[in-house]
Amino acid sequence: MGYANRILRVNLTTGTCQAEPLNEKWAQLYLGSRGLASRYLVAEVDPKVDPLSPENKLIFATGPLTGTIASTGGRYTVVTKGPLTGAIACSNSGGFFGAELKFAGWDMIIFEGRAEKPVYLYVEDDQAELRDASELWGKSVWETEEWIKAKHQDPLIRVSSIGRAGENQVLFSCIVNDLHRAAGRSGVGAVMGSKHLKAVAVRGTKGVKVKDLKRFLEATNAAKQVLAINPVTSQGLPKYGTQVLMNVINEVGALPTRNMREVQFEGADAISGEAMHRPRPSDGKPQLVTNAACFGCTIACGRISKIDKNHFTVKNSPKYWGASGGLEYEAAWALGADTGVDDLEALQYANLLCNEQGMDPISFGSTVAAVMELYERGVLTAEQIGFPAPFGSAEALTKLAELTANGEGFGRDVGLGSKRLCEKYGHPELSMTVKGQEFPAYDPRGIQGMGLAYATSNRGACHLRGYTVASEILGIPEKTDPLTTEGKPELVKAFQDATGAFDSAGICVFTSFAWTVADIAPQLNAAIPGEWTPERLLEVGERVWNLERWFNTRAGFSAKDDTLPKRLLEEPASTGPAKGMVNRLGEMLPKYYEVRGWTADGVPKPETLARLGVDV
Amino acid sequence: MWKVLAIDPVKCTGCLQCEMACSIENYGVIATSKSRIKVFNFEHEGRKVPYTCTQCAEAWCLHACPVDAIRLDQGTGAKVVDEGTCVGCKVCTIACPFGTINYVQETGKVQKCDLCGGDPACAAACPTGAITYVEADWAGLNKMQQWAAKTAAAVLA
């Protein structure tokens, strides 16, 4: 009920697929998706393992609400040890693949070992088998999806795959499903590539049953109503997508610009959600074609765009002319503001390449930003890169996207990510990363709480682990001052714990613009065994957070890694409301450890783990 | 008075709430594969189009059925499959020009939209108004009203 109560274990070394019952005790403790998959990972993978070795495992996990009629109930999570960070990686994706996996009767797939030759997993309800993917190796995500559907003569198959970036072990490569939805961060695609697993193709016809269907429909309808009347989820996100934020964040002086040297971008409006609606001079059409929903989503923030055929990047490449996944805020920021490029069409081209070959546009854009700063300082030359790469160069950005996706030339260095690249060229301080993962689009000098959220995120710098932007900028659930540190440790913890619950339920964290855990509890109560209260859900989130932290601690991370690049701690913002400010992480971190029940060194105390029932 | 499902693809986001509602209504399970309404995704045009039976007045399926298993629901105008009579011969699936009546292996019968007896679950579930249930004779009323508004704006400007 809610769950399929079954997991699929795929040993790539021996080529076997086996069904196992779901650990229901763990499901009551960790719910599903992010939480439950992390519990399996912690049980089965040595935290010290080389992420790209056969000893690492790769878990695709749905949540209890995945594949149900609950709004946004289409999410799945990929959990593994991440090659970009060396920490636990947990990347969440929407689209339709997750629901299809549940429909086929599986809560989770655990991949272990490494196939000798490229393979893909084909799942049709109860049947699961590994198939030869020799013909697919070297193909893009888009070609792979088309090939598999044609091969099986089934257009309704859902595919999750890696492109050339994952094959080439680009350390920020992602796993892409439904052409342009991605388990995007921390390099989960490289782990898949290291296992010679090209794709997972699923067709599910069994469907999902819930505990009490009538009550479930009442609960999900009530929750949908909350989304339907909230201005963010009913107007802002459908109309502008997450790109609704570009101008807002620029105005509050928290839009990291040119490798985070600045906090406001003069070209912000040109790359904003509003700009995507404006007719282009060249063809009179806006870049945005329509919005689109993932499975079951009643918000529909997704962007479907058409690039300008006349743009220099695509004028000879008709394959990019059709409608496809458009710019989200993080992508537009990383590819745009952070590189100083204000050419919306160039950003969309780089975005298309990221989707086509499976790269995280945040880490890619941010790494390009570091390259540009190294270039401007004369550390890197045009000869080394192959062309000039100053800030603002759309040519350099798009050329680097091609090279990185294909593992050619200087693209191989970019594929290392910002931290390793900056170390290689002798300037580690220019890498805008935490635990090796590149920053997203909120400057912590202008949003103090986000500094703490980044520094303590279990998967490295990330906005989706504790989005205090909601409170500090948007006033959700209540407004706090973005420029103060007071109360932020508690705020960050509250957001991190709630997010853990949202992620583990199988729904989209964007619902949290309107929902709290109190909106999720009735939906779970009608769907799965157990009594779920808001308090219990927050406890699940806290438990997941501590479990992840436990893994990272054993992987070798400690308090010294809970930090920010010097630039954010020492170079004050030069403009905007935060002018003159740095991030005051030091004022927040000790208190954070205290409210977490961790030692002053950031290690979860035994009594904290015991209180939460983290049974490791 | 009969009503029909009016579909406005421009409003469709492709969320599949309609497909889930349909499978729940007819099979008590959430399974888009069992839905009688299908949303087609024309990826490269950026269009999503829900499609299902339009309940033809002179229904090909009804006329083709050799055992008279497809009957008119006088209350709603829906052409309804009587599962007790259907022998699963699939002649109706050949006769239907639109492909909206289909065979179901699990039951050995055909299935098609029956308008849920006059309260279509798909229309109720659609979050954007892409699927509505409107008077059969005035399915175009909304569009007429929109154009009337445009015309008025042009004339009065």
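Everything quoted here is computed from the prediction, not taken from an experiment.

Asker: Explain the environment of A:M432 to me, please; I cannot follow it from the model alone.
Answerer: All names here are of chain A. Summarising the element assignment, M432 is placed in the loop between helix 17 (418-424) and strand 16 (433-434). Accessibility expressed as a relative area gives 0% for M432, which makes it buried. The sequence separation of M432 and T468 amounts to 36 residues, and the corresponding C-alpha distance is 20 Å. What M432 contacts, discounting residues up to four positions off in sequence, is N259, M260, S366, S418, Q437, E438, F439, P565 and R567.

Asker: How do you make sense of the pattern of salt bridges when you look at a structure like this?
Answerer: Two side chains with opposite charge may pair up if their charged atoms get near one another. Using the criterion set out here, one finds 54 salt bridges over all chains in the structure. For A:R258, the salt bridge is made with A:E262, and the minimal N-O distance between the two is 3.0 Å. One salt bridge in this structure joins B:K34 and B:E106, with 2.9 Å as the shortest N-O distance. Note that B:K34 is positioned in the loop between helix 1 (17-27) and strand 2 (38-42) and B:E106 in the loop between strand 6 (102-104) and strand 7 (109-111), a separation of 72 residues in sequence. Given the relative accessible area of 65%, B:E106 is considered exposed.

Asker: I'm lost on the state of the cysteines in this one. Help?
Answerer: The bond known as a disulfide is covalent and runs between the sulfur atoms of two cysteines. Evaluation of the coordinates by the stated rule reveals zero disulfides over all chains. Free of any disulfide, A:C508 has its nearest neighbouring cysteine sulfur in A:C301, separated by 6.4 Å.

Asker: In this structure, what is going on with the packing of helix 18 (residues 448-456) of chain A against helix 20 (residues 488-505) of chain A? I would like to understand it.
Answerer: Residues and elements named next belong to chain A. It is the contact of helix 18 with helix 20, at a shortest axis distance of 9 Å, that shows an interaxial angle of 55 degrees. One way to sum up the angle between helix 18 and helix 20 is to call them oblique. Between helix 18 and helix 20 lies a crossing of right-handed hand. Touching Q448, G449, L452, A453 and T456 of helix 18 are K488, P489, V492 and Q496, all from helix 20. Its residues placed into classes, the contact of helix 18 with helix 20 shows four nonpolar, four polar and one charged.

Asker: Explain the domain arrangement of chain A here, please?
Answerer: The extent of an interface is frequently quoted as the accessible surface area lost upon association of the parts. All names here are of chain A. Taken as a whole, chain A is organised into domain 1 (6-203), domain 2 (257-431) and domain 3 (448-612). Using C-alpha coordinates to define each centre, domain 2 is positioned 28 Å away from domain 3. Residue-level contacts link 14 residues of domain 2 with 11 residues of domain 3. Of the roughly 920 Å² buried at the junction of domain 2 and domain 3 (both faces included), carbon and sulfur atoms supply 59%. Considering only the side of domain 2, the residues that lose the most area to domain 3 are M260, V263 and Q264, jointly responsible for 39% of the buried surface there. For the interface between domain 2 and domain 3, the tally reads one salt bridge. The residue R567 makes a salt bridge to E373 at a minimum N-O spacing of 2.7 Å. Taken together, domain 2 and domain 3 are joined by five residue pairs in polar contact (both at pLDDT 80 or more).

Rules used in this analysis
- Within each chain, residues carry numbers counting from 1 in the order of the written sequence.
- To read the labels, note that chains go from A and ligands from 1, taken in the order they are written.
- Per-residue local features are limited, in this predicted model, to residues with pLDDT of at least 70; the limit for side-chain atom pairs, both in listing and counting, is 80 or more; totals at the level of whole chains, interfaces and linings are taken over all residues.
- Computation of side-chain values covers all heavy atoms of the structure but excludes hydrogens and water.
- Helical segments are the DSSP runs of H or I of at least four residues, strand segments are the runs of E of at least two, and each set is numbered from the N terminus.
- Summary of the burial criterion: residues with accessible area below 20% of their type's maximum are buried, those above 50% are exposed, and those between are partly exposed, where the area comes from a 1.4 Å probe applied to protein chains only.
- When checking whether two residues touch, look at their non-hydrogen atoms; a contact exists if any pair is within 4.5 Å.
- Each salt bridge in this description consists of a side-chain nitrogen of Lys or Arg and a carboxyl oxygen of Asp or Glu lying within 4 Å of one another.
- In this description, the term disulfide denotes a pair of cysteine sulfurs within 2.5 Å.
- Axis geometry follows a simple rule: fit a line to the C-alpha atoms, using only the stretch in contact for helices, then measure angles between N-to-C directions, giving values from 0 to 180 degrees.
- Oblique is the label for any angle not covered by the other classes, which are roughly parallel (under 35 degrees), roughly antiparallel (over 145) and roughly perpendicular (65 to 115).
- Crossing handedness is defined as follows: a turn of the near helix away from the far one that is anticlockwise and smaller than a right angle gives a left-handed crossing, while the clockwise case is right-handed.
- Each residue gets one of three labels, nonpolar for Ala, Val, Leu, Ile, Met, Phe, Trp, Tyr, Cys and Pro, charged for Asp, Glu, Lys and Arg, and polar for the others, Gly among them.
- Those domain boundaries reflect an automatic or database domain assignment.
- Note: buried area is the sum, over both parts, of the accessible area (probe 1.4 Å) each one loses when the two are combined.
- Throughout this description, a polar contact denotes any pair of N or O atoms lying within 3.5 Å of each other; where both atoms belong to protein, one of them has to be capable of donating a hydrogen while the other can accept it, and for residues adjacent in sequence the pair is counted only when both atoms sit in side chains.

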